[in-house]
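Observations on the three-dimensional arrangement
In case you want the letters, here they are:
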Amino acid sequence: MDLTRRLTTRPTEERASVSPLELFFDLVFVFALTRVTDLIADDPSGRTLLHGVLVMAVLWWSWVGYSWLANLVRADEGAVRVVMLAAMSAMFIVALTIPEAFDDLPGGLDGPVVFAVGYFVVRVLHILIFLVISRDDPQLRGQVMRFVPSMFIGTTFLLIASQLTGPWQTVMWFLALAGDYLGTLVGGTGWRLRSVSHFAERHGLIVIVALGESIVSIGIGVASLPITWAIIVASLLGLAVSSLLWWAYFDVTSLMVEHAFEESAGDRRIRIAQRCYSYAHLPMVIGIVMLSLGLKKILYYVGDDNHHRLTDPLQGWPLVTLYGGAALYLAALVYFKLYGAGSLSLIRTATVVVLFALIPVAWHLPALVTLGLLTVVLLALIAYEMLRYAERRRRIRH
């Protein structure tokens, strides 16, 4: 009887905050983000960038499942605690295997197979605990059962991909993600949410986690180099870019969508949860990871006198990821705000266009000037919004 009591689950309260165990779980996701950045940075090319995005999409869907789980039952109570720790262990192995997710390295186990099996374990644990907590809820149990095929499709194609190389391997990855993402999208809206504030906070924290990784990339880029004025200036500009992206999410936008989320009900609430949080936050995180790569390269350019001069431009994929990452992040925020709160931000849409248009210009500018230009564009966006919507901003925040 004592064991049964210890393994029971406890519902998440309506105004619950994110638990310490969920934050602990996210540390593995932080580590995975750094591994993805390293994967792309080692050989920045279209191929490695595509691989990094595919890996991020797989990792994200693993994380999303547990964000829905912890919104229904307390992550730090009973059997859920055990499952969270077990899933965290499996995800850590997946993160360790990221450099071998596509190409197995000599020696040791088969990297792509270990990656696929680790992902399978994470997903199976998620399904099993959902079956446990839905035992007295026929509607939720039916929704979980409709979700099961998409999980098996995704993991099956990943296992097939682990036995292939080249284009067909990439095709299998796309099919795996299609099974997961499209299967969930068409699988219905019979899911449950107990706490809107918890769900919004959970996704806001993961944005902070990703932005924190961008700051880490700034430091890693010059960790072994002697400090110079160029490094100081570039570091402060990089930190300013991360801070402005933080501002773009947390100052008003996240509050607007959360208020609309609170006021919604039924299928509309589940759709906001799916489209604004589970789906729209993925391109935000991918955008931040891409930005991190560009910041890491710029710091290396301005700090390494032996290989680069201050007048050298940042070109190729690092430049594309620097501006394109910021643009992707803002574009996801435009959709987030439009679907969630019914408000289209024309100035942010215009900024996305401007950032892509500036890539050919920045191609010929010194790397430090390129970073400064990005900072100016983002600063102009935030300053305009603060002045143009001052009264509306005050009402939403207070």
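In this report, we go over the structure that sits alongside the text. Small disclaimer: the values here were computed from a predicted structure and weren't measured. Counting restarts for each chain: residues are numbered from 1 in the order of the written sequence. Restriction of local features to residues with pLDDT of at least 70 applies here, the model being predicted, together with a cutoff of 80 or more for giving and counting side-chain atom pairs; totals for whole chains, interfaces and linings are based on all residues. Note that the side-chain values use all heavy atoms of the structure and ignore hydrogens as well as water.

1. Brief notes about the overall build of the protein
From N to C terminus, the protein includes 16 helices and 0 strands. Only C-alpha atoms enter the radius of gyration; for comparison, a globular chain is expected to reach 2.2 Å times N to the power 0.38, where N is the number of residues. For a compact globule of 398 residues, the expected C-alpha radius of gyration is about 21 Å, and the protein comes in at 22 Å, within 12% of that figure. Structurally, the protein occupies a C-alpha span of about 70 × 60 × 35 Å along its principal axes. The buried label applies to any residue whose accessible area, calculated with a 1.4 Å probe on protein chains only, is under 20% of its type's maximum; exposed applies above 50%, and partly exposed to all values in between. The buried share among the 398 residues of the protein stands at 54%. Labels follow the DSSP assignment, with helices taken as runs of H or I lasting at least four residues and strands as runs of E lasting at least two, numbered in each case from the N terminus.

2. Overview of a nonpolar patch on the surface
Where nonpolar side chains cluster on the molecular surface, the patch consists of I160, L164, W168, V171 and L175 and spans about 430 Å² of accessible area. Looking at the nonpolar patch, the element that brings in the most residues is helix 7 (residues 166–186), giving 3 residues. Residues form patches when they are more than 30% accessible in relative terms and have no salt bridge. Like charges link within 9 Å. Nonpolar side chains (Val, Leu, Ile, Met, Phe, Trp, Tyr) link within 5 Å. Using a 1.4 Å probe, the Shrake-Rupley method yields the accessible areas, and only the shown protein chains count as cover for residues. When a carboxyl oxygen of Asp or Glu lies within 4 Å of a side-chain nitrogen of Lys or Arg, that pair is called a salt bridge.

3. Some points on the packing of helix 13 (residues 317–341) against helix 15 (residues 367–388)
For the pair helix 13 and helix 15, interaxial distance at closest approach is 11 Å and the crossing angle is 10 degrees. Considering their axes alone, helix 13 and helix 15 lie roughly parallel with respect to each other. Across the interface between the two elements, L319, L322, Y323, A326 and L330 from helix 13 touch T370, L373, L374, L378 and L381 from helix 15. Considering only residue class, the contact of helix 13 with helix 15 consists of 9 nonpolar, 1 polar and no charged. Axis geometry follows a simple rule: fit a line to the C-alpha atoms, using only the stretch in contact for helices, then measure angles between N-to-C directions, giving values from 0 to 180 degrees. For this classification, under 35 degrees means roughly parallel, over 145 means roughly antiparallel, 65 to 115 means roughly perpendicular, and everything else is oblique. The contact criterion used throughout is that any non-hydrogen atoms of two residues lie within 4.5 Å. Here the nonpolar group is Ala, Val, Leu, Ile, Met, Phe, Trp, Tyr, Cys and Pro; Asp, Glu, Lys and Arg are the charged ones; every other residue, Gly included, is treated as polar.

4. Quick look at the packing of aromatic side chains
Centres within 6.5 Å make a pair out of two Phe, Tyr or Trp rings, where for Trp the six-membered ring is used; the pair is then stacked when the planes are under 30 degrees apart, edge-to-face when over 60, and tilted otherwise. Counted by the stated rule, this structure contains 24 aromatic pairs. Summarising the aromatic geometry, the rings of F115 and W173 are spaced 5.4 Å apart at their centres and angled 40 degrees between planes, so their arrangement reads as tilted. With a gap of 58 residues between them, F115 in helix 5 (residues 111–133) and W173 in helix 7 connect regions that are remote in the sequence. Here F115 and W173 have matching classes, each one buried. Here the aromatic rings of Y277 and F336 are separated by 5.4 Å at their centres, their planes lie at 90 degrees, and the arrangement is edge-to-face. Note that Y277 is positioned in helix 11 (residues 266–279) and F336 in helix 13, a separation of 59 residues in sequence. Like Y277, the residue F336 is buried in the burial classification. Through successive ring pairs, a cluster of aromatic residues spans W68, F130, F147, W191, F199, W246, W247, Y249, F250, F261, Y277 and F336.

5. Observations concerning the pattern of salt bridges
Inspection of the entire model under this criterion finds 15 salt bridges. Where R10 meets E77, a salt bridge forms, and the shortest distance between an N and an O atom there is 3.2 Å. Of this pair, R10 sits in the loop between helix 1 (2–7) and helix 2 (20–42) while E77 sits in the loop between helix 3 (46–72) and helix 4 (78–96), and the two are 67 residues apart along the sequence. We classify R10 as partly exposed; its relative accessible area is 36%. Since its relative accessible area comes to 28%, E77 is described here as partly exposed. Residues D26 and R202 are paired through a salt bridge, measuring 2.7 Å at the closest nitrogen-oxygen approach. Remark: R202 occurs in helix 8 (residues 196–221) and D26 occurs in helix 2; sequence separation between them is 176 residues.

6. Observations concerning the environment of V196
Tracing the chain through its elements places V196 in helix 8. For V196, a relative accessible area of 4% puts it in the buried group. For V196 and D267, which are 71 residues apart along the polypeptide, the C-alpha to C-alpha distance reads 14 Å. Non-local contacts of V196, meaning those with residues more than four positions away in its chain, are made with E258, F261, E262 and R269.

7. Digging into the nonpolar core
The nonpolar core is taken to be a set of buried Ala, Val, Leu, Ile, Met, Phe, Trp, Tyr and Cys residues, with the residues joined through side-chain atoms within 4.5 Å. Among the nonpolar cores identified, the biggest contains 127 residues, and W60 and W173 are the most heavily contacted of them. Broken down by element, the residue count for this core peaks at 16 residues, all from helix 3. The residues touching W173, leaving out its near neighbours within four places in the chain, are L54, V55, V58, A101, F102, F115, L158 and A161.

8. A short note on the packing of helix 4 against helix 5
Relative orientation of the contacting elements helix 4 and helix 5 amounts to 165 degrees, with a least axis distance of 8 Å. With respect to helix 5, the element helix 4 is oriented roughly antiparallel. As helix 4 runs across helix 5, the sense of the crossing is left-handed. Seen from helix 4, the contacting residues are A79, V80, V83, A86, A87, A90, M91, I93 and V94; seen from helix 5, they are V114, F115, G118, Y119, V121, V122, L125 and I129. Counted by class, the contact of helix 4 with helix 5 contains 16 nonpolar, 1 polar and no charged residues. Whether a crossing is left-handed or right-handed is set by the direction in which the near helix is turned from the far one by less than a right angle, anticlockwise for left-handed and clockwise for right-handed.

9. With respect to the environment of L282
Position of L282 among the secondary structure elements: in helix 12 (residues 281–303). As a C-alpha pair, L282 and I272 span 10 residues in sequence and 14 Å in three-dimensional space. Those residues within four positions of L282 in sequence are excluded, and the remaining contacts are M56, A57, W60 and Y181.

10. Concerning the side chain of S197
As for its position among the elements, S197 is in helix 8. Side-chain polar atoms of S197 contact the side chain of S195, separated by 3.2 Å. Among residues more than four places away in sequence, those in contact with S197 are E14, R15, A16, E258 and E262. Here a polar contact is recorded for every N or O atom pair within 3.5 Å, except that within protein the pair must consist of a potential hydrogen donor and a potential acceptor, and residues adjacent in sequence are included only if both atoms are side-chain atoms.

11. Topic: the environment of L140
Looking at where L140 falls in the secondary structure, it is placed in helix 6 (residues 138–161). The exposure class assigned to L140 is buried, which follows from its relative accessible area of 3%. Between the C-alpha atoms of L140 and F130, which are 10 residues apart in sequence, the distance is 8.8 Å. In contact with L140, not counting residues within four places along its chain, are L72, F130, S134, G190, W191 and R192.

Purely geometric stuff here, so don't read any function into it on its own.
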